[in-house]
Amino acid sequence: MGTNKGLFVIHGAEEWRVEGPLCGGMGINHALGHGERLWAAGGGGWYPAGVWRREAGEWTLSSAGFEDGVQSVWSLARDGDRLLAGTKPAALYQSHDNGATWAKLPGLNAVPGADQWQPGAAGLTLHTILTDGHGGIWVGISAAGVFHSPDGGVTWEARNRRSNRPGPAGDLPRHWDGEEIRAEGEIFHCVHNMMWGAAPGLIYMQNHQGVYRSRDGALSWEEVTEGLPSTFGFPIAAHPRDAGTVWTFPLNGDSEGRFPPDARAAVWRSRDGGESWEKTGEGLPAKHCFFTVLRQGMAVDARDAGVYFGTNSGSVFASRDEGDSWVEIARHLPTVLCVEVVTP
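Read on for an overview of the structure.

Looking at the nonpolar core
Judged by nonpolar contacts, the single largest core of 18 residues is most densely connected at L92, L108, W117, V139, I141 and F147. Mapped onto this core, the elements with two or more residues apiece are β12 (125-131) and β13 (137-142). Residues F234, F249, A265 and L284 belong to the second largest nonpolar core, which totals 17 residues.

This is the structure in structure tokens:
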């Protein structure tokens, strides 16, 4: 778990043991693990933007290669033998030495209109990175939208078109819709989180204004919000083997407090790719619940499809039955900014 006061690690499967705070107490926006290696990204305030890495049990912080003006690192991803990192302000960096040094991939910031990108409430952040292992990279930027590179980050194009609008969205008139300026045939550009589904080209997205699904690698998006108690939320999580199973954590709204509807915590699950939704909440607070689950705050275990989420009130909940029931495995942590699962 990345928190605003360092990285914490919960070990175990039945008896949970909390280790931390790590990384010098620096705010950690996102973390990543592979084998025995761990990486933790953050910075901001008194801390420089950078990526901590653990090798042979030792933690070191690297800021080498991040340009002046980078305030913090917001996201990490593995792409073959390299690491990718998204920053605030929005840019994409790569490392070929396991995070010791970093270099900017300039193509993303050269796309037409990049100089007009507008920040979300947390700033202009590149918070989500997806890779396919074949040179494809997808990123989510608040509030600029989704962008795709087919060639490892050299060239990019926007991927914000609705599936039910024919023709390129760039040819349609742009207008103010109360949240942002967008074309009539586009999704809202304030992406909150994206996750691969378990089928080629399948991506699920939680947006500022709803949940979306793409079945063609983000060439087009279908809204699948109907059946949820609200359009607003931050995280999205998908089953590692069942393409139709996806989880999200709806909140009551941008300007209504950003807590669960009716102050009752619930994870909502779909078994048919978002065509319908069911509420799951056994073991979660059933009243007087005002916490928030942030954009990187939910994760799924690729081995046994365990589902985990952390809250801004410092709790971490786990489900071993794909969301049917939940148990609190940690509490009184700092604000949880991200949750990731590392399987030895």
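Topic: the sheet that holds strand β19 (residues 203-207)
Within the open sheet, the 4 strands sit side by side as β18-β19-β20-β21. Their pairing is antiparallel. Either end of the sheet is taken by a strand with one partner, and the two such strands are β18 (191-196) and β21 (222-223). Sheet analysis places β18 next to β19, joined by 5 bridges and oriented antiparallel. Across the sheet, the residue bridging to M194 is M205, located in β19.

Describing the pattern of salt bridges
Using the criterion set out here, one finds 14 salt bridges in the structure. Its salt-bridge partner being E67, residue K104 comes within 3.7 Å of it at the nearest N-O pair. Placement of K104 in strand β11 (residues 103-104) and of E67 in the loop between β7 (58-62) and β8 (72-79) is noted, with a sequence separation of 37 residues between them. The residue D79 makes a salt bridge to R82 at a minimum N-O spacing of 2.9 Å. Of the residues examined, D79 reaches a relative accessible area of 10% and is grouped as buried. For R82, a relative accessible area of 10% puts it in the buried group. One network of salt bridges, in which partners are shared, links R213, R215, E222 and E275.

Points about the environment of F317
Position of F317 relative to the elements: it lies in strand β28 (residues 316-319). In this structure F317 comes out as buried when scored by relative accessible area, which is 3%. For the pair F317 and A330, spaced 13 residues apart in sequence, the C-alpha separation works out to 7.3 Å. Not counting residues up to four positions away in its chain, the partners in contact with F317 are G283, L284, P285, F291, V307, Y308, F309, T311, W326, V327 and E328.

Some points on the side chain of S220
Mapping S220 onto the fold places it in the loop between β20 (210-214) and β21. With relative accessibility at 13%, the residue S220 sits in the buried group. Ignoring any residue separated from it by four or fewer positions in sequence, one finds S220 in contact with R161, R162, S163, R213 and S214.

Some points on the packing of aromatic side chains
Applying the stated criterion across every chain, the model contains 12 aromatic pairs. Relative to Y308, the ring of W16 lies with its centre 6.4 Å away and its plane at 75°, an arrangement referred to as edge-to-face. Here W16, found in the loop between β2 (6-11) and β3 (17-22), pairs with Y308, found in strand β27 (residues 307-310); they are 292 residues apart in sequence, far enough to count as distant. A relative accessible area of 9% means that Y308 is categorised as buried. On the basis of an interplanar angle of 65° and a centroid distance of 5.2 Å, the ring pair of F309 and W326 is categorised as edge-to-face. Here F309, found in strand β27, pairs with W326, found in the loop between β28 and β29 (327-330); they are 17 residues apart in sequence, far enough to count as distant.

Rules of the game
Residues numbered from 1 in each chain as written. Predicted model: local features only at pLDDT ≥ 70, side-chain atom pairs only at ≥ 80, totals over all residues. Heavy atoms only, no water. Core = buried A, V, L, I, M, F, W, Y, C linked by side-chain atoms within 4.5 Å. Buried < 20%, exposed > 50% of the residue type's maximum accessible area, 1.4 Å probe, protein only. Helix = DSSP H or I, 4+ residues; strand = E, 2+ residues; numbered from the N terminus. Pairing = 2+ DSSP bridges. Salt bridge = Lys/Arg side-chain N within 4 Å of Asp/Glu carboxyl O. Contact = heavy atoms within 4.5 Å. Phe/Tyr/Trp six-rings, centres within 6.5 Å; stacked < 30°, edge-to-face > 60°.

None of this, on its own, says anything about what the molecule does.
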